[in-house]
Amino acid sequence: MANLRSKRIAGLFRPHWKRLVLIGATVAGASAVTITNPFLLREILDTAIPGQRPGLISLLALGMIAVAVASALLAVVQATASAVVGQRLMHSLRVAVYANMQRLSLDFYTRTKAGEIQTRIAGDITGLQSVLTTTAGQLITAISSIVASLVAMVVLDWRLTLVSLVIVPVFVWIGRRVGRVRQNLAGVKQQRVSAMSSFVGESLSISGIILGKSFGRTQDMTKQFTELSDDLAQTEFKAALAGRWHSASFQMVTASLPILIYWSAIFTFTGDGVSVGTIVAFTALQTQLVWPANSLLRLILEARSSLALFDRVFDYLDLVPSVAEPRSPRDLPRSRAGRRIEFRDVSFTYSSAERTSGGGVHRVSVDIVPGSKVGFVGETGSGKSTLAMLMTRLYDPSEGQVLLDGVDVRELSRETLADAVGIVTQDPYLLHASIAENLRFARPDATQEQLEWACQMAQIHEFITELPDGYDSVVGERGYQLSGGERQRLSIARLLLKDPSVIIFDEATSALDTLTETRLLAALEAGLPGRTMVIIAHRLAAIRRADVIHVMSQGQVVESGDHGQLAGQVGEYAGLLAASAIRP
Ligand SMILES: Nc1ncnc2c1ncn2[C@@H]1O[C@H](COP(=O)(O)OP(=O)(O)OP(=O)(O)O)[C@@H](O)[C@H]1O
Ligand SMILES: [Mg+2]
């Protein structure tokens, strides 16, 4: 598992190998350049100053300046290359996750909180930013500085080098201990961030605000948020503290290293000609060693805590849609007019519904002939919307088939199906944009005349022209600057612009007064002759004139026929009719 993950992370970097080689080369170059400094220093102390040679001092000083300039230039090249690699990786991860989320089916979204998804795309991938952009480069820098300094130290004096190495076990011990703590905390932290942003997204949405205010629960919401925020603060605090004591003790140990060297030099190796220049150069190298060692420790910790983030991102990349696109999609014959929809013995149960009764539909067989107008009625929860979702393939049946002009909808591409079958759902969604932009979501190249044609049919054109900004008026978040009926009519106009051959209205006119509803349906019939229309409604007025009416109950079609036939027999429909009749 861990191995697989590292392979996958390595796989992300693979396409960028040329830049990585460049980064490695600049880093190695910079380290090689930097370690010449102590040797120049030793020459100044041991030769130039005792020998009173100002020319040599100037030359050596010039060398030191050249070293500083060269390493600064190399650092710029390296930082640029690292940033490019890191940003490209982040970009491709973001896009890969988003694209996979678009592939996922509706069932995933009915299960998952929206805030959770946002955190993974925005939060987790951004969390990887430092690891992807700078950590890799800094890691190579640290390692190569350490190697270079060690080599230089050995060249200066191998015995003093051995003395310095007492630090290594301390270093390893600290790294391992803190790493474990940090990795666990990183996972917990992301969960808390998700929980908080889910809560914000839910409670501060329009529907959430209405809910909170109308139930007088606003203060409780704030209290709940306080708890979530406190949880997060605790975790952040622990994460910040983790390893602080360890790195502090590490710094104390490293700070005392030069003293160790002076002692060793005086008491042990003095007779062997360790010059002052060597000792000064050596301790200078040691300080040069301390910061890469320290940053190595930090980087290892960072890399380890990022593993939890990688896991969360990979999880999302690995999600498989339950409603999959066909491998080789079939074409539908072209048709401007209506199409046939057939339900053949279709059963469907929601995977999340472990209830024994209800939920989904059971053994439905319905034949909707091209160009016909078909109504679905029935008690609430009887499965009408579920049938609509199966026609638009938001779900796949567990048994049986849904056929469009004889082709199983599972064999059609999403685009083909969406072009042929359009739906206005019970709870239509408008984007926070202008009316025209919302309409053009259905058809980006639609002309103003086409927009007006659709709106006229949907009985909303006049209303729009009376708005100060007309078609450029912004509808607000989810369209909440409009009334329920205006939102519905706008959604209908949007669908008409797409002009599919099968039109499904799931309670799409429920918020309209009966007069407007009748006018709208009559306009559709006249303006779009021959389209197949499926109308789901509770109000019988909307489906009264349908060619066939199917009555549903508990996931099954229990009666079918036209209004006259159904009204004339004793059954569900007659019952509904009697209940809806207004008696004086
Ligand atoms: N995502 C879901 N997960 C689990 N069960 C669901 C889901 N969606 C709907 N159901 C259940 O499936 C059944 C049929 O729902 P459906 O939405 O098809 O009813 P409907 O006939 O459209 O009702 P209404 O007239 O109230 O819109 C209901 O019992 C409902 O609780
Ligand atoms: Mg419904």
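Residues numbered from 1 in each chain as written. Chains lettered and ligands numbered in written order. Predicted model: local features only at pLDDT ≥ 70, side-chain atom pairs only at ≥ 80, totals over all residues. Heavy atoms only, no water.

Asker: Explain the coordination of the magnesium ion (ligand 2) to me, please; I cannot follow it from the model alone.
Answerer: Six octahedral donors around a metal ideally make angles of 90 or 180 degrees; four tetrahedral donors ideally make 109.5 degrees. At the metal site, the magnesium ion (ligand 2) is ligated by S385 (OG) and Q426 (OE1), and these contacts range over 1.9 to 2.5 Å. Of this pair, S385 sits in helix α15 (residues 384-391) while Q426 sits in the loop between β6 (421-424) and α17 (435-440), and the two are 41 residues apart along the sequence. (Donors = N, O, S within 2.8 Å, 3.2 Å for Na, K, Ca; no water. Helix = DSSP H or I, 4+ residues; strand = E, 2+ residues; numbered from the N terminus.)

Asker: Explain the site of ligand 1 here, please?
Answerer: By nearness alone, 16 residues border ligand 1, and T380, K384, S385, T386 and Q426 come closest of all. Between an oxygen atom of ligand 1 and a main-chain N or O atom of G383, the distance comes to 2.9 Å. Protein coverage of the free-state accessible area of ligand 1, which is 640 Å², stands at 77%. For the shell around ligand 1, the class distribution of residues is 3 nonpolar, 11 polar and 2 charged. (Near = heavy atom within 4 Å. Polar contact = N/O pair within 3.5 Å; in protein donor to acceptor, adjacent residues only side chain to side chain. Areas by Shrake-Rupley, 256 points an atom, 1.4 Å probe, with all protein chains shown as cover. Nonpolar A, V, L, I, M, F, W, Y, C, P; charged D, E, K, R; others polar.)

Asker: Got a minute to help me understand the packing of aromatic side chains in this structure?
Answerer: For any pair of aromatic rings, the description consists of the separation of the ring centres together with the inter-plane angle of the planes. Taken as a whole, this structure holds 6 aromatic pairs when the rule is applied. Relative to Y316, the ring of F108 has its centre 6.0 Å away and its plane inclined at 80°; by these criteria the two rings are edge-to-face. Placement of the pair is F108 in helix α5 (residues 106-111) and Y316 in helix α14 (residues 276-317), with a sequence separation of 208 residues. Here the two residues F108 and Y316 agree in accessibility, since each one is buried. Taken together through their ring pairs, the aromatic side chains of F108, Y109 and Y316 make up a single cluster. Positioned above the aromatic ring of Y480, the side-chain terminus of R487 is 4.5 Å from the ring centre. (Phe/Tyr/Trp six-rings, centres within 6.5 Å; stacked < 30°, edge-to-face > 60°. Buried < 20%, exposed > 50% of the residue type's maximum accessible area, 1.4 Å probe, protein only. Lys NZ or Arg CZ within 6 Å of the ring centre and 35° of its normal.)

Asker: Explain the domain arrangement of the protein chain here, please?
Answerer: Buried accessible area, meaning the area lost when the parts come together, often serves as the stated size of an interface. Segmenting the protein chain into domains produces domain 1 (2-317) and domain 2 (341-580). Between the C-alpha centres of domain 1 and domain 2 there is a distance of 56 Å. Here domain 1 and domain 2 share an interface that buries about 550 Å² over both sides, 67% of which is from carbon and sulfur atoms. Sorting the residues of domain 1 by area buried against domain 2 places L106, D107 and I206 first, and these three jointly supply 69% of that buried surface. Taken together, domain 1 and domain 2 are joined by 0 salt bridges. Those elements giving two or more residues to the side of domain 1 that touches domain 2 turn out to be α5 and α10 (206-214). (Domains from an automatic or database assignment. Buried area = accessible area lost by both parts, 1.4 Å probe. Salt bridge = Lys/Arg side-chain N within 4 Å of Asp/Glu carboxyl O.)

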